[in-house]
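Structural features, examined
Take a look at the letters that make up each chain.
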Amino acid sequence: EDTPIVILNFKTYLESTGERAVELASACQKVADETGVNIAVAPQHMDLSRVAGAVEIPVMAQHIDPIRAGGHTGSVLAECALEAGARGTLINHSERRMLLADVEAVISRVRELDMVSVVCTNNVQTTAAAAALEPDFVAVEPPELIGSGIPVSKAEPEVVTGSVDAVKKINPDVKVLCGAGISTGDDMKAARDLGAEGVLLASGIILADDPERALLDLVSKI
Ligand code: G3P
């Protein structure tokens, strides 16, 4: 129940692209096995299938489009993500924002397919709105802190506690993650102390000299 959750978003860093996506996911697998922490990875779509074939930890899509099967050239179909090995998807990441109606449509599609939905939000108000749509997770990330190395848990703790409180009132089944600037064990512990179930993060691990060591440090204090 209370096992902390880490989702590593591979974004489009070269350090987490192609064969390096497989290596990074394997490092995540190793740390998950050693520590018992739930670590999921979200590689780029083109890498999803090969990553899912190489590891047993959950693999997630970075985005799914609000479409049904048919004529939608260039789109990401939920069924295709599922068959490629995705167990869930990020939705509405700050770098891939969607209309509210489309967020709802993707949450429903993903639920129909028994996949996990993680809706990203940028503040307490949008977290509250997202919780009303009944995703599995909401991940709150103040955009100005994304990629900054300044952890949300230190710079804007009230965004995390405010999100946790808002979600409790609206739909206590929804789990809250936080992200932006998270990289160390202290950041992760602070996020958990503020009431988050875990973290969504990227650059602090992906751009580290030794990502496996950085991951081990991330989960060392919980
Ligand atoms: O999806 C996670 C992300 O937006 C946070 O990025 O690099 O600040 O950990 P980063």
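Above this text you will find the structure in question.
Residues numbered from 1 in each chain as written. Predicted model: local features only at pLDDT ≥ 70, side-chain atom pairs only at ≥ 80, totals over all residues. Heavy atoms only, no water.

**What to know about the overall build of the protein chain**
The condition that has to hold: In this description a helix means any DSSP run of H or I spanning at least four residues, a strand means any run of E spanning at least two, and both kinds are numbered starting from the N terminus. Put simply, the radius of gyration uses C-alpha atoms, and a globule should come to 2.2 Å times the residue count raised to 0.38. When accessible area is computed with a 1.4 Å probe and restricted to protein chains, residues below 20% of their type maximum are described as buried, those above 50% as exposed, and intermediate ones as partly exposed. Should any heavy atoms of two residues lie within 4.5 Å, those residues are considered in contact. Working definition of accessibility: Shrake-Rupley area with a 1.4 Å probe, residue cover restricted to the visible protein chains. Positive: Lys, Arg. Negative: Asp, Glu. His and the chain ends are not part of the count. Charge placement uses NZ in Lys and CZ in Arg. For Asp and Glu, CG and CD serve respectively.
For the protein chain, the count of helices and strands is 10 helices and 8 strands. Here the C-alpha atoms of the protein chain give a radius of gyration of 16 Å, agreeing with the 17 Å that 2.2 N^0.38 yields for 222 residues. Each principal axis of the C-alpha distribution contributes one length, and for the protein chain these read about 45 × 40 × 30 Å. Scored against the burial criterion, the 222 residues of the protein chain give a buried share of 52%. Sequence-distant contacts in the protein chain: of pairs separated by 6 or more residues, those separated by 24 or more amount to 66%. As displayed, the protein chain offers around 10,000 Å² of accessible surface, 50% of which is attributable to carbon and sulfur atoms. Here the protein chain contributes 18 positive and 33 negative side-chain charges, whose respective centroids are spaced 2 Å apart.

**Some remarks on the site of the ligand**
The following threshold applies: Proximity is defined per residue: if any heavy atom of the residue lies within 4 Å of a molecule or strand, that residue is considered near it. For the purposes of these results, a polar contact is taken to be a pair of N or O atoms within 3.5 Å, where, inside protein, one atom must be able to donate a hydrogen and its partner to accept one; residues adjacent in sequence count only when each atom of the pair is a side-chain atom. Gly is placed with the polar residues, together with every amino acid not listed as nonpolar (Ala, Val, Leu, Ile, Met, Phe, Trp, Tyr, Cys and Pro) or charged (Asp, Glu, Lys and Arg).
What surrounds the ligand is the set Asn9, Lys11, His93, Glu141, Ile146, Gly147, Ala180, Gly181, Leu200, Leu201, Ala202 and Ser203. Between Gly181 and the ligand, the recorded distance is 2.8 Å, taken from a backbone N or O atom to an oxygen atom. Ala202 places a polar main-chain atom, nitrogen or oxygen, 2.8 Å from an oxygen atom of the ligand. About the coverage of the ligand: the protein hides 100% of its 310 Å² of free accessible area. For the shell around the ligand, the residue count by class is 5 nonpolar, 5 polar and 2 charged.

**As for the packing of helix H1 (residues 19-35) against helix H2 (residues 45-54)**
For the record, the criterion: Only the stretch in contact is used when fitting a helix axis, every axis being a line fitted to C-alpha atoms; angles between N-to-C directions are given from 0 to 180 degrees. In this scheme the handedness of a crossing depends on how the near helix is turned from the far one: anticlockwise by less than a right angle means left-handed, clockwise means right-handed.
It is the contact of H1 with H2, at a shortest axis distance of 9 Å, that shows an interaxial angle of 35°. For H1 against H2, the interelement crossing comes out right-handed. Counted together, Glu19, Ala21, Val22 and Ala25 of H1 and Asp47, Arg50, Val51 and Ala54 of H2 form the full contact between these two elements. Considering only residue class, the contact of H1 with H2 consists of 5 nonpolar, no polar and 3 charged.

**Concerning the pattern of salt bridges**
Put simply, the rule is: One side-chain nitrogen of Lys or Arg within 4 Å of one carboxyl oxygen of Asp or Glu is enough to make a salt bridge.
As enumerated under the stated definition, the model contains 9 salt bridges in all. Note that Arg68 and Glu112 form a salt bridge whose closest N and O atoms lie 3.3 Å from each other. Note that Arg68 is positioned in the loop between strand E3 (60-61) and helix H3 (78-84) and Glu112 in helix H4 (residues 100-112), a separation of 44 residues in sequence. We note a salt bridge from Lys189 to Asp193, for which the minimum N-O separation is 2.8 Å. Linking Lys189 with Asp193, this pair stays in helix H8 (residues 185-193), spanning 4 residues, or about one helical turn. Since its relative accessible area comes to 56%, Asp193 is described here as exposed. Linked through salt bridges whose partners overlap, the residues forming this network are Arg68, Glu79, Arg109 and Glu112.

**Comments concerning unusual backbone geometry**
Positive phi is not limited to glycine here, since Lys11 has a value of about 45°. Looking at Lys11, the relative accessible area reads 12%, which means it is buried. In the Ramachandran plot, Asp114 falls in the positive-phi region, its phi being about 60° despite a non-glycine side chain. Along the chain, the position of Asp114 falls in the loop between H4 and strand E5 (116-121).

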